[in-house]
Amino acid sequence: MLKKKTVATFVSAILVGLLALAGCSSSSSTKESDADGKKVIKFMHLWPEGSSKAQFSIVKDVIDEYEKEHKDIDIQTEILNPDQYREKLKVLASSNELPDIGMTWSDGFIKPYVEGNMLAPLDDIVEKDPDLKDSFIPGVKESYAVDGKTYGLPLELNISYVFYNKEIFEKYNLEVPKTFKEYKNVVKILTDNGVIPATVGAKDGWPASFWFMYLADRIGGSTILTDVIKGKAKFDDPTILKAAEEVQNLVDMGGFVKGASALSNDEAKGYFMNEQAAMFLTATWELPNYTTSPDVPQEFKDKIGYFKFPIYEGGKGTDINSYVGGPGVGLFVAKDSKVQKEAKDFVGYLIKRWGEKSVIDAGVIPATKVDTSSMDLSPMYIEILKDLSEASNVTTYFDTQASPAVAELHHDLVTALFGKQVNPKEFVKQHVDELAKEQK
Amino acid sequence: MKSVMSNKWVISLYVLPSLILILLLIYIPIFLTGYYGLMDWNGIGQMKFIGLENYIELVQDKKFWQSTWHSLLLGIFSTLSLVGYLILSLILASKIKGANVLRKIYLIPMLLSSVAIGQLWAKIFDPTNGMLNRLLVLLGVENPPLWLADSNIVLYALFIPIVWQYAGFYIIIFYAALKNVPEELIEAAKIDGASPIQIAYKIKVPLIAGVIKVMVILAIVGSLKYFDLIFVLTGGGPNGASEVMASYMYTEAFNKYNFGYGSAIGFGLLVICLVMTWIIQKLLSSKENVDF
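Residues numbered from 1 in each chain as written. Chains lettered and ligands numbered in written order. Predicted model: local features only at pLDDT ≥ 70, side-chain atom pairs only at ≥ 80, totals over all residues.

Engineer: Explain the overall build of chain A to me, using residue names and the numbers behind them.
Structural biologist: Check the secondary structure of chain A and you find 19 helices and 13 strands. With the C-alpha coordinates aligned to their principal axes, the bounding extent of chain A is approximately 90 × 60 × 45 Å. Across the 440 residues in chain A, those meeting the buried criterion constitute 44%. Taking as baseline every contact in chain A between residues at least 6 positions apart, the subset at least 24 positions apart corresponds to 77%. (Helix = DSSP H or I, 4+ residues; strand = E, 2+ residues; numbered from the N terminus. Buried ≥ 20, exposed ≤ 12 C-beta atoms within 10 Å, placed from the backbone. Contact = placed C-beta atoms within 7 Å.)

Written out as structure tokens, the structure reads:
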């Protein structure tokens with residue numbers, strides 16, 4: 001008797017367990033409409049309330065507005081922090097369960113998703129809407145295009161400047177350098193006085209690459225790095241080699257914080273925020289720290305200015321208004337979405353509203369043109385937005401344009417270039433080899 | 001009850017839940033890793049079967065063997081550090097004053113998460129503002145080493161926090177084993193006029209040889225698959241100078257989107273761990289026989 005009972009108990013226990021497992025898998029199946037008969041749009045984004053409150057609130061407000069205007073739509077959000085988001089998106093993609101709307105990065109990131117036939121082209125949103133058509137800053141939307149079709153619409157744009165500490169510059173009677181020769185002179189005076197000229201988090205690779213990319217842009221002209229990606233130029237072009245050599249010249253001069261190749265971007269940033277380093281080449285995502293952020297003392301903010309990366313004497317890139325930068329995140333619509341039409345409509349709406357709100361509410365530079373006349377902004381924002389409208393070119397970050405494997409190698413090599421573990425010749429050669437492997 | 005337990009069906013029912021869990025969570029993933037290693041796959045799109053290509057590449061990959069060497073070096077260091085832990089535990093177990101407090105102090109690093117330890121040591125190793133170099137400058141060293149930025153010393157600099165991190169774990173196990181050594185044996189030795197060092201070396205250590213053997217295997221296998229602090233502190237850099245097998249696998253799979261090749265590395269790691277464990281067991285089992 002006991003025997004039977006035990007068996008029965010166990011069998012039922014296992015059955016319950018199996019049911020629970022089955023329940024997990026079936027709950028993720030997509031429904032077209034919810035209980036009220038509204039159409040459900042699933043929207044996954046990467047701005048949690050805790051870490052990106054301003055962005056979170058803008059998105060939430062825009063969704064509320066949109067739902068008020070469109071009574072038949074119900075937008076459900078799922079929010080993850082950026083790292084988790086990347087992982088989850090990959091998992092969802094491999095089981096073909098992408099949300100209707102999600103966020104993506106440009107170029108190298110979006111490509112596998114497009115090639116896996118998972119995203120819907122979004123050109124029709126832009127074509128249909130005259131307001132939207134001319135509003136993007138030139139060249140930004142194109143970063144999300146594969147074979148001439150745009151699969152993502154950008155929200156953010158980041159460009160890089162040299163930020164500097166005006167107090168330190170005044171102390172040593174330094175002027176903002178307009179040419180690279182002047183810049184080297186600034187470096188020399190600062191090192192002679194025991195001040196760290198510039199801080200850079202070379203461990204992470206990408207912050208160090210800013211220096212390399214700008215030098216390549218100034219020496220080889222504004223299209224050189226993009227040409228390399230497209231196969232129109234080689235990475236061992238003499239101008240690129242020259243750029244790598246100039247990076248190491250700066251390292252040899254003591255132009256960067258000691259041991260930079262072991263510092264992460266955040267650690268390196270500390271040297272600038274503590275006023276130990278005079279300059280920091282970074283992108284506009286740091287702007288809140290120099291303008292609006294309540295966590296940074298006003299005294300410090302008042303000391304910070306910025307300048308455009310200097311021109312290189314005899315280089316091909318003669319326009320100081322050419323920037324290195326890149327779009328941040330953009331929005332995609334899943335190809336298999338059952339509410340594709342509605343999702344596209346919302347994407348267009350969100351892009352427009354985001355452009356109006358993001359600068360003031362979040363301090364983020366949107367990828368769309370901003371009318372500053374009616375805004376109460378700190379002077380640094382107004383100047384930078386003005387710069388952007390005058391920008392002759394924005395070269396997308398080399399590592400963003402490259403495939404993941406090339407980008408990773410590039411990061412490693414730039415770190416090694418700053419740490420002097422490779423010389424400029426090996427630096428370009430290893431790039432050439434990896435790029436050649438890819439084009440095979 | 002006896003009749004229940006002798007029924008094979010019931011026995012297999014009792015075993016079933018854990019068997020399913022082990023299969024689902026351990027053996028099937030291992031099998032899958034080996035299988036993915038046969039693929040050219042970026043983790044998102046279609047998998048393409050390429051046979052043994054990844055494994056052939058792996059055997060010829062200098063970077064992989066370099067990272068294997070780094071992992072082995074870490075294994076050797078961890079094993080050597082066991083001697084230090086054993087000495088500390090012997091002192092702690094010999095009824096000195098405050099042994100309890102000291103034991104708790106040694107255990108603290110174990111209670112911190114690896115990421116927190118990483119952040120802590122990043123601050124200590126910082127080339128200009130770090131505690132270590134500040135101290136060296138105070139002591140008159142003019143150009144203190146750059147620790148994590150110098151490719152010649154980065155690996156050894158990393159071993160320090162790793163050894164420190166696990167000290168508490170090994171000490172507490174050695175301590176527990178030593179406490180189990182029968183008091184009569186030690187007293188008998190004392191009466192025979194053995195010195196404390198002789199007691200430790202001739203009586204206590206041989207009696208816990210079994211535990212020591214397990215600790216050696218744990219230290220070496222743990223080192224071979226070690227990942228946390230290296231990932232947090234250097235990410236394998238600069239220029240691969242601190243790359244170990246697990247961090248190399250991570251970089252290939254998650255940063256370069258080479259899931260196929262990353263899986264092959266993972267499988268290689270498993271094979272190396274198994275071989276090492278087998279070698280160590282062979283080496284140690286012959287020794288044990290001499291001691292008793």
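Anyway, onward from the coordinates.
Engineer: Could you give me a rundown of the overall build of chain B, with the residues and numbers involved?
Structural biologist: Helix and strand content of chain B: 14 helices and two strands. With the principal axes as the frame, chain B shows a C-alpha extent of 80 × 75 × 35 Å. Here chain B, with 292 residues, has 32% of them falling under the buried criterion. Sequence separation of at least 24 residues holds for 68% of the intrachain contacts in chain B that already meet a minimum separation of 6.

Engineer: Before we move on, can you summarise the pairing of strand E12 (residues 330-333) of chain A with the specific residues and values?
Structural biologist: Residues and elements named next belong to chain A. Of the two faces of E12, the one lined by Gly330 and Phe332 and the one lined by Leu331 and Val333 are each fully buried. Inspection of the sheet shows strand E3 (residues 101-104) paired to E12 by four bridges, in the antiparallel sense. For threonine 104, the partnering residue across the bridge sits in E12 and is glycine 330. (Pairing = 2+ DSSP bridges.)

Engineer: Explain the UniProt feature "domain: ABC transmembrane type-1" (unreviewed entry) in chain B residue by residue, including any values.
Structural biologist: Residues annotated by UniProt as "domain: ABC transmembrane type-1" (unreviewed entry) correspond here to residues 68-280 of chain B. Each end of residues 68-280 of chain B is marked by a C-alpha atom, and these two atoms are 17 Å apart; helix forms 76% of the span and strand 0%. (UniProt positions renumbered as here; feature names shortened; annotations may be inferred.)

Engineer: Explain the domain arrangement of chain A to me, using residue names and the numbers behind them.
Structural biologist: All names here are of chain A. Structurally, chain A comprises domain 1 (39-156 + 328-370) and domain 2 (158-325 + 396-439). Computed from C-alpha atoms alone, the centre-to-centre distance between domain 1 and domain 2 is 30 Å. In this assembly, eight residues from domain 1 lie in contact with 13 residues from domain 2. (Domains from an automatic or database assignment.)

Engineer: Tell me about the nonpolar core, and name the residues and values.
Structural biologist: Ranked by size, the top nonpolar core spans 176 residues in total, and within it Val200, Phe212 and Val347 of chain A carry the most contacts. It is helix H8 (residues 154-179) of chain B that provides the largest number of residues to this core, a total of eleven residues. No fewer than three residues from each of domain 1 (39-156 + 328-370) and domain 2 (158-325 + 396-439) of chain A sit in this core. Setting aside anything within four residues of it in sequence, one finds phenylalanine 212 of chain A in contact with Ala243, Ala244, Val247 and Val414 of chain A. (Core = buried A, V, L, I, M, F, W, Y, C linked by C-beta atoms within 7 Å.)

Engineer: Go over the confidence of the model for chain A, please, and point to the residues and values.
Structural biologist: Scored by pLDDT, chain A comes out at a mean of 86, with 92% of its residues at no less than 70. Overall, residues 15-31 of chain A carries pLDDT values under 50, and its contacts beyond four positions in sequence, including any with other chains, amount to three contacts. (pLDDT = per-residue confidence, 0-100.)

Engineer: Got a sec to walk through the packing of helix H4 (residues 62-93) of chain B against helix H11 (residues 209-224) of chain B? Specific residues and values, please.
Structural biologist: All names here are of chain B. Interhelical geometry of H4 versus H11 gives an angle of 150° and a closest axis separation of 8 Å. It follows that H4 is roughly antiparallel to H11 by the angle criterion. Read as a crossing pair, H4 and H11 show a hand that is right-handed. On H11, the residues that touch Ser71, Leu74, Gly75, Ser78, Thr79 and Leu82 of H4 are Met215, Val216, Ala219, Ile220, Ser223 and Leu224. Within the contact of H4 with H11, the residues separate by chemical class into seven nonpolar, five polar and no charged. (Axes fitted to C-alpha atoms, helices over the stretch in contact; angles between N-to-C directions. Parallel < 35°, antiparallel > 145°, perpendicular 65-115°, else oblique. Left-handed = near helix turned anticlockwise from the far one by under 90°. Nonpolar A, V, L, I, M, F, W, Y, C, P; charged D, E, K, R; others polar.)

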